[in-house]
Amino acid sequence: MKVNINGETKDMRSVWMEETKIMFIDQRQLPLKLEFFLAQALEDVAYAIKDMVVRGAPAIGAAAAYGMAQASLLEMDLNEAASQLKATRPTAQDLFTAVDYMLGEISKGAKLKNSAEEYVNSILNKCQKIGEHGEKLIKNENKILTHCNAGALATVDFGTALSPIRLAHQNGKKIFVFVDETRPRLQGARLTAWELQNEGIPHALIADNAAGHFMQKGEINLVIVGADRITNNGDFANKIGTYEKAVLAHENNIPFYVAAPITTFDFSLENGKDIPIEERGQEEVLIIGQRNIAPDQTRARNPAFDVTPKKYVTGYITEKGIITAEDISSLRN
Ligand code: MRU
């Protein structure tokens, strides 16, 4: 992704490994500061995932793959490392896909640093293909709604939902992106808007509850979101608020697409009701900046994800092409 450092544009990934160290763009600090977080040990990697230094399902998977490689270089117990990493965030399927892939590599006697790089390169490849397939859905003059951040930050580079948008812009299509702010962690306002600004893609930030208004006015032609976990029948979990955007899109006859690599599909679950939904601390809802926004006795609930039933999904943009819920079983193997 393009990143501006001291007036110079650089190409950068959101996570990478240098010798035994794992480096992250610290996504908690954006867009105010571009800072880096250095993970020297497994506890740092687990903290980075849990505290959302790195977030977005495929990037969490990449962090975990590198975490396993680091643990092997530091001669740690790898089953213990796998359990620690898996305990960080429960919803993102890519975390489990990546750790299980690395455990499989151990049993083949592979060098885990190489395996982790292969895993990450395959994510980048998948995201590029998602871009190529999804770009065909975007017409000149389209106005597209996206929720949360399913961009390069969330996938090491390119993005899932943002990959087709990036490519459409590069191909000269005139497009406009509506960015949901995405309370409470503001991934839309802080991260998606930052990526779109860096790429010069026209966009507007909207309050989370404004999407219905713009849909009703005919100002949104297409919705593309990412996913944290997609089950066999096509139900999927994504950032809290996705479900209501899908219902609104359906009500307003607007195509609603989910962009995700196969690493996000959980073939062990039949439908969305069994997806574990992470509930985060109430302070994320109660405090904005340093300020408490509610009376001091008020408590909050903070589910980080919701489940959207498959009936609201027009199609799934994967590296293998754009598919419907009925085609999901063909992705297994
Ligand atoms: O809590 P987050 O920021 O990790 O949630 C991220 C999302 O919900 C993304 O939409 C999803 O992981 C897809 S990222 C390509």
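Everything below is about the structure shown above.
A brief report on the enclosed structure follows. (Residues numbered from 1 in each chain as written. Predicted model: local features only at pLDDT ≥ 70, side-chain atom pairs only at ≥ 80, totals over all residues. Heavy atoms only, no water.)

Looking at the packing of aromatic side chains
In total, this model carries nine aromatic pairs according to the counting rule given. With 6.0 Å between their ring centres and 70° between their planes, Trp16 and Phe36 make a pair best called edge-to-face. Of this pair, Trp16 sits in strand β3 (residues 15-18) while Phe36 sits in strand β5 (residues 36-39); the two residues are 20 residues apart in sequence, bridging distant segments of the chain. Phe36 gets classed as partly exposed once you look at its relative accessible area, which sits at 36%. Between Tyr243 and Tyr312, the ring centres sit 6.4 Å apart and the planes meet at 55°, which makes this aromatic pair tilted. (Phe/Tyr/Trp six-rings, centres within 6.5 Å; stacked < 30°, edge-to-face > 60°. Helix = DSSP H or I, 4+ residues; strand = E, 2+ residues; numbered from the N terminus. Buried < 20%, exposed > 50% of the residue type's maximum accessible area, 1.4 Å probe, protein only.)

A word on the sheet that holds strand β11 (residues 236-239)
Taking strand neighbours across the sheet as the criterion, the four strands line up as β13-β10-β11-β16 in an open arrangement whose pairing is mixed. Both edges of this open sheet fall to β13 (265-266) and β16 (305-308), since each of them pairs with a single strand only. Of the strand pairs in this sheet, strand β10 (residues 229-231) and β13 are connected by two bridges, and their pairing is parallel. Residue pairing across strands places Ile230 opposite Phe265, the latter belonging to β13. Packing against the sheet, helix α10 (residues 242-251) makes contact with β11 and β16, and its axis sits at approximately 35° to β16. (Pairing = 2+ DSSP bridges. Contact = heavy atoms within 4.5 Å. Axes fitted to C-alpha atoms, helices over the stretch in contact; angles between N-to-C directions.)

What to know about the state of the cysteines
Considering all chains together, one arrives at zero disulfides under this definition. Cys127 takes part in no disulfide bond, and the closest cysteine sulfur, belonging to Cys148, lies 15 Å away. Among the residues examined, Cys148 registers a relative accessible area of 7% and is labelled buried. (Disulfide = S-S within 2.5 Å.)

Things to note about the environment of Gly226
By the element assignment, Gly226 lies in the loop between β9 (222-225) and β10. Here Gly226 falls in the buried class, since its relative accessible area comes to 3%. As for Gly226 and Ile138, which are separated by 88 residues in sequence, their C-alpha atoms are 16 Å apart. Leaving out residues up to four positions away in the same chain, Gly226 has contacts with Ala150, Thr160, Ala161, Phe236, Asn238, Val258 and Ala259.

Focus on the packing of helix α5 (residues 112-135) against helix α7 (residues 162-170)
A pair of packed helices is characterised by two quantities: the angle between their axes and the separation of those axes. Running from amino to carboxyl end, α5 crosses α7 at an angle of 65°, the nearest separation of the two axes being 7 Å. Of the two elements, α5 crosses α7, and the hand of that crossing is right-handed. Contact with α5, carried on its side by Cys127, Gln128, Ile130, Gly131, Glu132, Gly134 and Glu135, involves Ser163, Pro164, Leu167 and Ala168 of α7 and no other residues of that element. A per-class count over the contact of α5 with α7 returns five nonpolar, four polar and two charged. (Left-handed = near helix turned anticlockwise from the far one by under 90°. Nonpolar A, V, L, I, M, F, W, Y, C, P; charged D, E, K, R; others polar.)

Quick look at the nonpolar core
Of all hydrophobic cores here, the largest spans 41 residues; its most connected members are Ile22, Phe24, Ile49, Met68 and Leu85. For this core, the elements supplying multiple residues, two or more each, are β3, β4 (21-25), β5, α1 (42-50), α2 (57-73), α3 (78-86), α4 (93-107) and α5. Element by element, the count of residues in this core is highest for α2, at eleven residues. Leaving out residues up to four positions away in the same chain, Ile22 has contacts with Val15, Trp16, Met17, Phe37, Leu38, Ala39, Val45, Tyr66, Gly67 and Gln70. Counting residues in each nonpolar core, the second largest holds 28 residues, with Phe178, Phe256, Ile262 and Tyr312 among its members. (Core = buried A, V, L, I, M, F, W, Y, C linked by side-chain atoms within 4.5 Å.)

Brief notes about the side chain of Lys239
Here Lys239 lies in strand β11. One buried charge, Lys239, has no salt-bridge partner; the nearest side chain with opposite charge is Glu278, at 6.2 Å. One polar contact links the side chain of Lys239 to the main-chain carbonyl oxygen of Ala304, over a distance of 2.9 Å. Residue contacts for Lys239: discarding those within four places in its chain leaves Arg89, His147, Cys148, Thr182, Gln187, Asp228, Ala304, Phe305 and Asp306. (Lys, Arg positive; Asp, Glu negative; His and termini not counted. Salt bridge = Lys/Arg side-chain N within 4 Å of Asp/Glu carboxyl O. Polar contact = N/O pair within 3.5 Å; in protein donor to acceptor, adjacent residues only side chain to side chain.)

Let's talk about α4
Taking 1.5 Å of rise per residue, 15 residues should cover 21 Å, and α4 covers 22 Å from first to last C-alpha, within 8% of that figure. In this fold, the buried residues of α4 make contact with α1, α2, α3, α5, β10 and β13. Once α4 finishes, Gly109 follows within two positions and takes phi at roughly 75°, a positive value. (Expected span 1.5 Å × (residues − 1).)

So yeah, pure geometry; function would need other evidence.
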